[in-house]
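Residues per chain, in single letters:
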Amino acid sequence: MNKWITDSSLSGYPGITQGEIKDALSLCVSGVLKYLDDFDGGFPQASSVDNNYIKDKNRGWTTGFYTGEVWLAYEYVKDPVNKEKLRTAAEKQVTSFYGRIRDKFDVEHHDMGFLYSPSCVAAYKLTGSKEGREAAIMAADKLITRFQPVGEFIQAWGEMGAADNYRFIIDCLLNLPLLYWASLETGDEKYRDIAEKHIHTAMKYVIRDNDSTWHTVFMDNTSGAFHHGATCQGYMDGSAWARGQAWGIYGTAMACKYTGRKEYIDYFKRVTGYFLGHLPDDLCPFWDLTFGNGDEKTEPRDSSSAVIAACGMLEMSKYLDGEDAAHYTALAGKLVKAVYDNYSVKDIDSSNGRVLHGTYSKKSPYNTCTEEGVDECVIWGDYYYMEALTRLSNPGWNIYW
Ligand code: GLY
């Protein structure tokens, strides 16, 4: 017996309606506004504690998502007082991002895209912010310093060139739009060249024969050949970390967008098919796709993976033919509906987040992560929920990535 839902049984699930999208987005925006002053001068931490975020400084890889939420709320609201309030808050955060990259504070890693696309690129796209543009270009300059010509990839973490850190991770595909944007803005092809090389390397090695994905891929630092795949935050090396697979869905969509390579459509379909085929019957993934229906009592979900996957499907729908595009748009609507119905924050007095039941890092006997944010709100889950809702309400929305 298949313990997961089957692809064909997905047709029985309802999609989210325009009325629900409007309700959901306006509740998110109310939440952003309600707690805006609490985070003045700082940012929510990556994950909540008992469903409420604590204020922190601009550090780590996740603060850009909060600014992204503020910009999405800014785009949504109509009344001029709240619009101004949101713009002022977002601009103050952009100034913080400018200072962070100028002073090189906690930027020795590859997550420049997660930090600078939804904050500073968004600021530039929405308001023409010069500060946002300059900060984002400095961040792109920083990101390309992590390029490894031997193996042609951007090294994720750690000392550059060290054998035990000579690796890229699937998440990095979402850091690359910053480089495409930087080339477009500056006219300098060096950013795009590096992004393109990383994409081709990642596409070659990150997808396994059964269509699941490696979280991290180690390369040989002498020959540049594939060395081995491993996990950090997944359950074990051969399993499929749910969020890694979701980054793979959105990442292959971005690879199609930016390279225009038709063969990546097939990669997208494979990765997406694996993800959908390993969802439990309420459509919200467990933190690792190795778990299935019946594991609810022992294993937490990662709701953020559902909304990241939905955003990827909605992005990819732009590059697919009619029937395929409609198929993935409909699937995205079902995933977002599942999160809206069962996982979103409905009472904004009880939580300062948008989506419950995310999992940042869960320790297992076989992985190497430090446990953090298990069954909590996670800030990127909140952001991508708002992004998915924005995309569904306005398919022509000008993305921040
Ligand atoms: N990019 C790190 C994570 O998804 O947890």
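Scoring rules and cut-offs
Residues numbered from 1 in each chain as written. Predicted model: local features only at pLDDT ≥ 70, side-chain atom pairs only at ≥ 80, totals over all residues. Heavy atoms only, no water. Helix = DSSP H or I, 4+ residues; strand = E, 2+ residues; numbered from the N terminus. Rg over C-alpha atoms; globule rule 2.2 N^0.38 Å. Buried < 20%, exposed > 50% of the residue type's maximum accessible area, 1.4 Å probe, protein only. Contact = heavy atoms within 4.5 Å. Areas by Shrake-Rupley, 256 points an atom, 1.4 Å probe, with all protein chains shown as cover. Lys, Arg positive; Asp, Glu negative; His and termini not counted. Charge placed at Lys NZ, Arg CZ, Asp CG, Glu CD. Expected span 1.5 Å × (residues − 1). Near = heavy atom within 4 Å. Polar contact = N/O pair within 3.5 Å; in protein donor to acceptor, adjacent residues only side chain to side chain. Nonpolar A, V, L, I, M, F, W, Y, C, P; charged D, E, K, R; others polar. Core = buried A, V, L, I, M, F, W, Y, C linked by side-chain atoms within 4.5 Å. Phe/Tyr/Trp six-rings, centres within 6.5 Å; stacked < 30°, edge-to-face > 60°. Lys NZ or Arg CZ within 6 Å of the ring centre and 35° of its normal. Salt bridge = Lys/Arg side-chain N within 4 Å of Asp/Glu carboxyl O. Disulfide = S-S within 2.5 Å. Axes fitted to C-alpha atoms, helices over the stretch in contact; angles between N-to-C directions. Left-handed = near helix turned anticlockwise from the far one by under 90°. Pairing = 2+ DSSP bridges.

Chemist: Residue-level account of the overall build of the protein chain, with values.
Modeler: Each helix and strand counted, the protein chain has 12 helices and nine strands in total. Radius of gyration (C-alpha) of the protein chain: 20 Å, near the 21 Å computed for a compact globule of 401 residues. Along the three orthogonal principal directions, the C-alpha set of the protein chain runs to about 60 × 55 × 45 Å. Taken across its 401 residues, the protein chain has 60% of its residues classed as buried. The contacts of the protein chain with a sequence gap of at least 6 include a subset with a gap of at least 24, amounting to 68%. Of the roughly 15000 Å² of accessible surface on the protein chain, 50% is carried by carbon and sulfur atoms. The averaged location of the 55 negative side-chain charges in the protein chain is 3 Å from the averaged location of its 41 positive side-chain charges.

Chemist: Could you give an account of helix α3 (residues 80-102), with specific residues and numbers?
Modeler: For α3, built from 23 residues, the straight-helix expectation of 33 Å at 1.5 Å per residue is met to within 8% by its first-to-last C-alpha distance of 32 Å. Buried residues in α3 make contact with α1 (18-35), β1 (43-44), α2 (63-76), α4 (112-127) and α5 (130-144). One or two positions beyond α3, positive phi appears at lysine 104, with a value near 55°.

Chemist: Explain helix α7 (residues 190-205) to me, and be specific about the residues and the numbers.
Modeler: For α7, built from 16 residues, the straight-helix expectation of 22 Å at 1.5 Å per residue is met to within 8% by its first-to-last C-alpha distance of 23 Å. All buried positions along α7 are accounted for by Tyr191, Ile194, Ala195, His198, Ile199, Thr201, Ala202 and Met203.

Chemist: Account for the site of the ligand, naming residues and giving values.
Modeler: Taken together, Trp61, Asp171, Gln233, Trp241, Arg243, Trp247 and Tyr360 are the residues near the ligand. Contacts to the ligand include tryptophan 247, whose side-chain N or O atom sits 2.9 Å from an oxygen atom. Taken by itself the ligand offers 200 Å² of open surface, and the protein chains cover 94% of this. Considering only residue class, the shell around the ligand consists of four nonpolar, one polar and two charged.

Chemist: Before we move on, could you go through the nonpolar core and cite the residues and values that matter?
Modeler: Within the largest apolar cluster, 135 residues are counted, with the highest numbers of intra-cluster contacts made by Tyr116, Leu179, Met313, Trp380, Tyr384, Tyr385 and Trp401. The residues touching tyrosine 384, leaving out its near neighbours within four places in the chain, are Phe65, Phe114, Leu174, Trp247, Tyr250, Val307, Ile308, Cys311 and Trp401.

Chemist: So what's going on with unusual backbone geometry? Which residues, and what values?
Modeler: One non-glycine residue with positive phi stands out, namely lysine 104, at about 55°. Counting through the fold element by element, lysine 104 comes out in the loop between α3 and α4. The exposure class of lysine 104 is partly exposed, given its relative accessible area of 42%.

Chemist: Describe the environment of glycine 373, with residues and values.
Modeler: Along the chain, glycine 373 turns up in strand β9 (residues 372-376). Exposure remark for glycine 373: the relative accessible area of 15% places this residue in the buried category. Along the chain, glycine 373 and serine 47 lie 326 residues apart, while their C-alpha atoms are 5.2 Å from each other. Contacts of glycine 373, omitting those with residues within four sequence positions, involve Ser47, Gly358, Thr359, Tyr360 and Val378.

Chemist: Account for the packing of aromatic side chains, naming residues and giving values.
Modeler: By the definition in use, this model includes 32 aromatic pairs. Joined through ring pairs, the aromatic side chains of Trp61, Phe65, Phe114, Trp247, Tyr250, Tyr360, Trp380, Tyr383, Tyr384 and Trp401 make up one cluster. Stacked on the ring of tryptophan 214, the Lys or Arg arginine 208 has its end atom at 4.3 Å from the ring centre. Here the basic side chain of arginine 301 rests over the ring of phenylalanine 286, its NZ or CZ set 4.3 Å away from the ring centre.

Chemist: Summarise the pattern of salt bridges; cite the residues concerned and give the values.
Modeler: On inspection of all chains with the given rule, the structure shows 23 salt bridges. Linked through salt bridges whose partners overlap, the residues forming this network are Glu315, Lys318, Glu387 and Arg391.

Chemist: Residues and numbers for the state of the cysteines, please.
Modeler: The full count for this structure, using the stated rule, is zero disulfides. Of the cysteine sulfurs around cysteine 284, a residue in no disulfide, the closest is that of cysteine 377, at 13 Å. Of all cysteine sulfurs in the structure, the one in cysteine 28 sits closest to cysteine 311, which takes part in no disulfide; the separation is 12 Å.

Chemist: Tell me about the packing of helix α9 (residues 263-276) against helix α11 (residues 322-342), and name the residues and values.
Modeler: Packing of α9 against α11 brings their axes to within 13 Å, and their N-to-C directions diverge by 35°. For α9 against α11, the interelement crossing comes out left-handed. Residues Phe268, Lys269, Thr272, Phe275 and Leu276 of α9 touch α11, and the partners they reach there are Asp324, Tyr328, Leu331 and Leu335. Here the residues of the contact of α9 with α11 are counted per class, giving six nonpolar, one polar and two charged.

Chemist: Explain the sheet that holds strand β7 (residues 226-230) residue by residue, including any values.
Modeler: Spatial strand order, β5-β6-β7: three strands in an open sheet with antiparallel pairing. Of all strands in the sheet, those bounded by a partner on one side alone are β5 (167-169) and β7. Strand-to-strand twist in this sheet, taken as the mean axis angle between neighbours without regard to direction, amounts to 20°. Sheet topology note: the strand β6 (residues 216-219)/β7 ladder contains four bridges and is antiparallel. Pairing of phenylalanine 218 across the sheet is with histidine 228, part of β7.

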